[in-house]
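Each chain, written out:
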Amino acid sequence: CRHASDVKRRAPHGAETEKCARADDAQSGDSDLSEQIKSVTKDSHVRAENTELMLSYQKGNISLQQYKLLLCSLHEIYRALEEELDRNSSHPGVAPIYFPQELARLESLEKDLEYFYGQNWRERVIVPAATHRYAQRLRQVGKENPEFLVAHAYTRYLGDLSGGQVLGRITQKSLGLSGGEGLSFFSFPGVTSPNRFKQLYRSRMNSVELSQEAREGVLEEAVRAFECNIEVFDDIQKILSVTEKANMQHREATHNGYMSHGA
Ligand code: HEM
């Protein structure tokens, strides 16, 4: 039996591939979607890590304002993503990677938003333009190319399962939260071992039958999914810097006013 990845490159749908792939089960080959998607998004991942918002996380230092705005955007993103996954759950490109029990984030995000913004959180959420664009793209993909949804699900859910535990602890420490309040987003009660689940998810991704053209479309969409996230993070920071500037101007104006009264 030749190496599975060699065979798979030459005969992607051949019977021999099946036999070799089984013999080589634990090992993933170069031509597996899970490997290709990781490799094409490698640079994008580095860029995402280096956004101001993610750098705050890596410094172990996230502000309440940053986190609240992030939650608002995540809510908009997961609402679109999970609606599209639900609607397409029996599509052959979605069914193998459809894990609502284990992964769905919408309800946990709503719990966290209620914790931070109160019962009327729906009237108070702030959604930056980049977040609207991301959600729009998700809905368009769900309608026009459901087989590309895997790219978006991979980008968000595998990211959450990879860095999520660390980010959760940083959020808890930075904001002085206790008892898991406001932190539901980071908790996956349906996933016992994130690493084992990631393996299962990758093998399910690899089981999706894709034409060469569709596979290229998925890979392109994954790069786009990272790009969407980067734009959201940058937009959140922009909103915060405008707010900060306005606050400073307000403080200066108040201060000047006080001085002139005093004079
Ligand atoms: C995986 C770090 C932000 C998406 C990972 C892994 C680490 C990591 C250590 C595990 C790598 C491995 O298992 O080989 C970080 C750090 C971040 C960050 C420090 C910023 C503070 C993001 C963002 C996204 C993302 C913003 C996308 C929105 C992913 C994905 C994976 C991953 C999809 C799974 C890769 C794979 O196994 O195919 N990240 N990450 N990450 N991250 Fe991130």
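Before reading further, recall that the structure is shown in the block above.
Residues numbered from 1 in each chain as written. Predicted model: local features only at pLDDT ≥ 70, side-chain atom pairs only at ≥ 80, totals over all residues. Heavy atoms only, no water.

### Focus: the coordination of the iron atom of the ligand
Counting protein donors to the iron atom of the ligand gives just one, H45 (NE2), placed at 2.1 Å. Note on placement: H45 falls in helix α4 (residues 42-49). (Donors = N, O, S within 2.8 Å, 3.2 Å for Na, K, Ca; no water. Helix = DSSP H or I, 4+ residues; strand = E, 2+ residues; numbered from the N terminus.)

### Notes on the pattern of salt bridges
For the coordinates displayed, the defined rule picks out ten salt bridges. The salt bridge partner of E231 is R133, with a shortest N-O separation of 3.4 Å. Here E231 is found in helix α13 (residues 212-262), whereas its partner R133 is found in helix α10 (residues 129-144), with 98 residues between them in sequence. Looking at E231, the relative accessible area reads 33%, which means it is partly exposed. We classify R133 as partly exposed; its relative accessible area is 45%. Where E221 meets R137, a salt bridge forms, and the shortest distance between an N and an O atom there is 2.7 Å. Taken as a pair, E221 in helix α13 and R137 in helix α10 lie far apart in primary sequence, 84 residues in all. For the pair shown, E221 and R137 are each scored as buried. One network of salt bridges, in which partners are shared, links E84, R87 and K143. (Salt bridge = Lys/Arg side-chain N within 4 Å of Asp/Glu carboxyl O. Buried < 20%, exposed > 50% of the residue type's maximum accessible area, 1.4 Å probe, protein only.)

### With respect to helix α12 (residues 194-206)
In a regular helix each residue adds 1.5 Å, so 13 residues correspond to 18 Å; α12 covers 18 Å between its end C-alpha atoms and thus fits that length. Among the residues of α12, those classed as buried are F197, K198, Y201 and M205. Looking straight down α12, one finds that the buried residues subtend no more than 105 degrees of arc, so they occupy a single side. Pointing more than 90 degrees away from the buried face of α12 are the exposed residues N195, R196 and Q199. (Expected span 1.5 Å × (residues − 1). Arc of directions from axis to C-beta.)

### What to know about α10
Along an α-helix, residues three or four apart share an orientation, since each turn contains 3.6 residues. Taking 1.5 Å per residue as the helical rise, α10 with its 16 residues ought to reach 22 Å, and the 22 Å between its terminal C-alpha atoms agrees with that figure. Along α10, the residues classified as buried are A130, T131, Y134, A135, R137, L138, V141 and G142. Each buried residue of α10 sits inside an arc of 155 degrees when the element is viewed along its axis, so together they form one side. Facing away from the buried surface of α10 by more than 90 degrees, the exposed residues are Q136, K143 and E144.

### A short note on the site of the ligand
Surveying the vicinity of the ligand reveals 17 residues, the closest of which are K38, H45, Y154, S162 and R202. Between Y154 and the ligand, the recorded distance is 2.5 Å, taken from a side-chain N or O atom to an oxygen atom. Here an oxygen atom of the ligand sits 2.8 Å away from a polar atom, N or O, in the side chain of R202. In the shell around the ligand, the residues fall into six nonpolar, six polar and five charged. (Near = heavy atom within 4 Å. Polar contact = N/O pair within 3.5 Å; in protein donor to acceptor, adjacent residues only side chain to side chain. Nonpolar A, V, L, I, M, F, W, Y, C, P; charged D, E, K, R; others polar.)

### Observations regarding the environment of L167
For L167, the location among the structural elements is in helix α11 (residues 149-175). Judged by its relative accessible area of 24%, L167 falls in the partly exposed class. Remark: the alpha-carbon pair of L167 and G60, spanning 107 residues in sequence, is separated by 8.5 Å. In this structure, L167 is in contact with Y57 and F186, ignoring residues within four places of it in sequence. (Contact = heavy atoms within 4.5 Å.)

### Focus on the packing of α10 against α11
A pair of packed helices is captured by two measures, namely the crossing angle of their axes and the spacing between those axes. Where α10 meets α11, the closest approach of the two axes is 9 Å, and the angle between their N-to-C directions is 140 degrees. By the angle between their directions, the pair α10 and α11 is classed as oblique. Taken together, the residues of α11 that come into contact with α10 (itself represented by Y134, R137, L138, V141 and G142) are L149, H152 and R156. Partitioned by chemical class, the residues of the contact of α10 with α11 number four nonpolar, two polar and two charged. (Axes fitted to C-alpha atoms, helices over the stretch in contact; angles between N-to-C directions. Parallel < 35°, antiparallel > 145°, perpendicular 65-115°, else oblique.)

### A word on the side chain of E84
Mapped onto the elements of the fold, E84 is located in helix α6 (residues 64-87). Classification of E84 by relative accessible area gives buried; the value is 2%. Within the structure, E84 has its side chain in polar contact with the side chain of R87 (distance 2.4 Å). Apart from the residues lying within four places of it in its own chain, the contact partners of E84 are L138, R139, G142, K143 and L149.

### Points about the packing of α6 against helix α8 (residues 106-117)
Between α6 and α8, the least distance of the axes is 9 Å, while the angle of their chain directions is 150 degrees. Relative to α8, the element α6 lies roughly antiparallel. Taken as a pair, α6 and α8 cross one another with a handedness that is left-handed. Contacts between α6 and α8 involve L64, Y67, K68, L69, L71, C72, L74, H75, Y78, R79 and E82 from the former and L106, L109, E110, D112, L113, F116 and Y117 from the latter. (Left-handed = near helix turned anticlockwise from the far one by under 90°.)

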